[in-house]
Amino acid sequence: MIKILVVVTNHGTLGTTDEANGTYAPELTHALEKFFAAGFGFDIASIHGGAAPIYGEDTEGDAINAMILAREDVKTKLQNTLPVDDIQLENYAAIFFPGGFGLLSDLAEHKGVAAKTASFYESGGLIGAVCHGPAALLPVTLSNGQPLLEKHVVSGFTREEEVEFGTIDKIPFLLEEALTRTSRKYVKRSPWTENVIVDDQLITGQNPASAGGVGEAIVNYLLK
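On a predicted model such as this, the values are computed, not experimentally measured, just so you know. (Residues numbered from 1 in each chain as written. Predicted model: local features only at pLDDT ≥ 70, side-chain atom pairs only at ≥ 80, totals over all residues. Heavy atoms only, no water.)

Novice: Explain the side chain of Asp43 here, please?
Specialist: By the secondary structure assignment, Asp43 is in strand β3 (residues 41–46). Within the structure, Asp43 has its side chain in polar contact with the side chain of Lys3 (distance 3.1 Å). A distance of 3.3 Å separates polar atoms of two side chains, one belonging to Asp43 and the other to Lys77. (Helix = DSSP H or I, 4+ residues; strand = E, 2+ residues; numbered from the N terminus. Polar contact = N/O pair within 3.5 Å; in protein donor to acceptor, adjacent residues only side chain to side chain.)

Here's what the structure looks like:
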């Protein structure tokens, strides 16, 4: 069975505020829905393991989100995420980083996860990320000293979307600026429209509307 490793944040607030945050549920569930439809298996990991903080579980009118979050396997794995240090990467065909603001405060600078991601990529593994998820790729450096993002065209949450969402003054850093500075090229579309970039072993999406598209692109890549 093809299996996907989903890596989520342990950080449960928006930056240094006391506003509850974590992983944005629809960015996880809309990708998982594509994986399940293809018959893929999955595990969920985080830096420390244990229960993963999530938000957006009650997004109005999102039937896919409600359906996936109601699955017992999803609920169990979100409550018992695997510590990344315990993961055997050879068991997986792809790593997927869903977004959420919490990720900006841990995965965006975690050298251990970055080292595992680099090793997985250099062994031919596929990496996917959506919205703020590409922040987890910022510290990834390959064995030749080159930043992973320097090789790729990417997308991720935009400045305009931060402004419209009311988070521009609360986030630890602006992802668009970081990706523009680090990647080979950063590509964005109008706020809240789907934008999925497939660039060889790296698949990225701009915002929550892109989560299903990133999931579908991962499936198509692995089944080609």
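Now that the structure has been shown, we can carry on.
Novice: Just checking my understanding: could you explain unusual backbone geometry for this structure?
Specialist: Both trends apply: most residues other than glycine have a negative phi, and most peptide bonds are in trans. Residues other than glycine seldom take positive phi values, yet Cys131 does so here, at roughly 60°. Residue placement: Cys131 occurs in the loop between β7 (126–130) and β8 (153–154). Judged by its relative accessible area of 2%, Cys131 is buried. Not every positive phi belongs to a glycine, and Asp200 is a case in point at roughly 60°. Its place among the elements puts Asp200 in the loop between β10 (196–199) and β11 (202–205). (Buried < 20%, exposed > 50% of the residue type's maximum accessible area, 1.4 Å probe, protein only.)

Novice: Got a minute to help me understand the packing of aromatic side chains in this structure?
Specialist: A ring pair, where both rings are aromatic, is described by two values, the distance of the centres and the angle of the planes. Within the structure shown, the criterion is met by 8 aromatic pairs. A ring pair is formed by Tyr24 and Tyr55, whose centres lie 5.1 Å apart and whose planes are at 45°; its orientation type is tilted. Of this pair, Tyr24 sits in strand β2 (residues 23–24) while Tyr55 is found in strand β4 (residues 54–55), placing the two residues 31 residues apart along the sequence. Per residue, the accessibility class of Tyr24 equals that of Tyr55, and both read buried. Connected via pairs of aromatic rings, a cluster forms that spans Phe101, Phe157, Phe165 and Trp192. Lying over the aromatic face of Phe42, Lys77 brings its terminal NZ or CZ to 4.2 Å of the ring centre. Geometry around Tyr221 places Lys224 over its ring, the cationic atom sitting 4.0 Å from the centre. (Phe/Tyr/Trp six-rings, centres within 6.5 Å; stacked < 30°, edge-to-face > 60°. Lys NZ or Arg CZ within 6 Å of the ring centre and 35° of its normal.)

Novice: Just checking my understanding: could you explain the sheet that holds β3 for this structure?
Specialist: Backbone-to-backbone hydrogen bonds join strands into a sheet, with any given pair of strands oriented parallel or antiparallel. An order of β5-β3-β1-β6-β7-β11-β10 is seen for the 7 strands of this open sheet, with the pairing classed as mixed. Each of the sheet's edge strands pairs with one partner strand only, and the pair in question is β5 (82–83) and β10. As judged from the 3 bridges shared by strand β1 (residues 3–7) and strand β6 (residues 94–97), these two strands associate in the parallel manner. Bridging across to β6, Ile4 finds its partner in Ala94. (Pairing = 2+ DSSP bridges.)

Novice: Quick question: what am I supposed to make of the pairing of β11 here?
Specialist: Regular strands have side chains that alternate between both faces of the sheet. Burial of the side chains of β11 extends over both faces: Leu202 and Thr204 are buried on one face and Ile203 and Gly205 on the other. Pairing of β7 with β11 involves 4 bridges; the strand directions are parallel. Among the inter-strand pairings, Ala129 is bridged to a residue of β11, identified as Thr204. As paired strands, β10 and β11 are joined by 4 bridges and run antiparallel to one another. Following the sheet pairing, Asp199 is matched in β11 by Leu202. As consecutive antiparallel partners, β10 and β11 are separated by 2 residues, and within that stretch Asp200 has a phi angle of approximately 60°, a positive value.

From the geometry alone we can't say anything about function, so treat these as descriptive.
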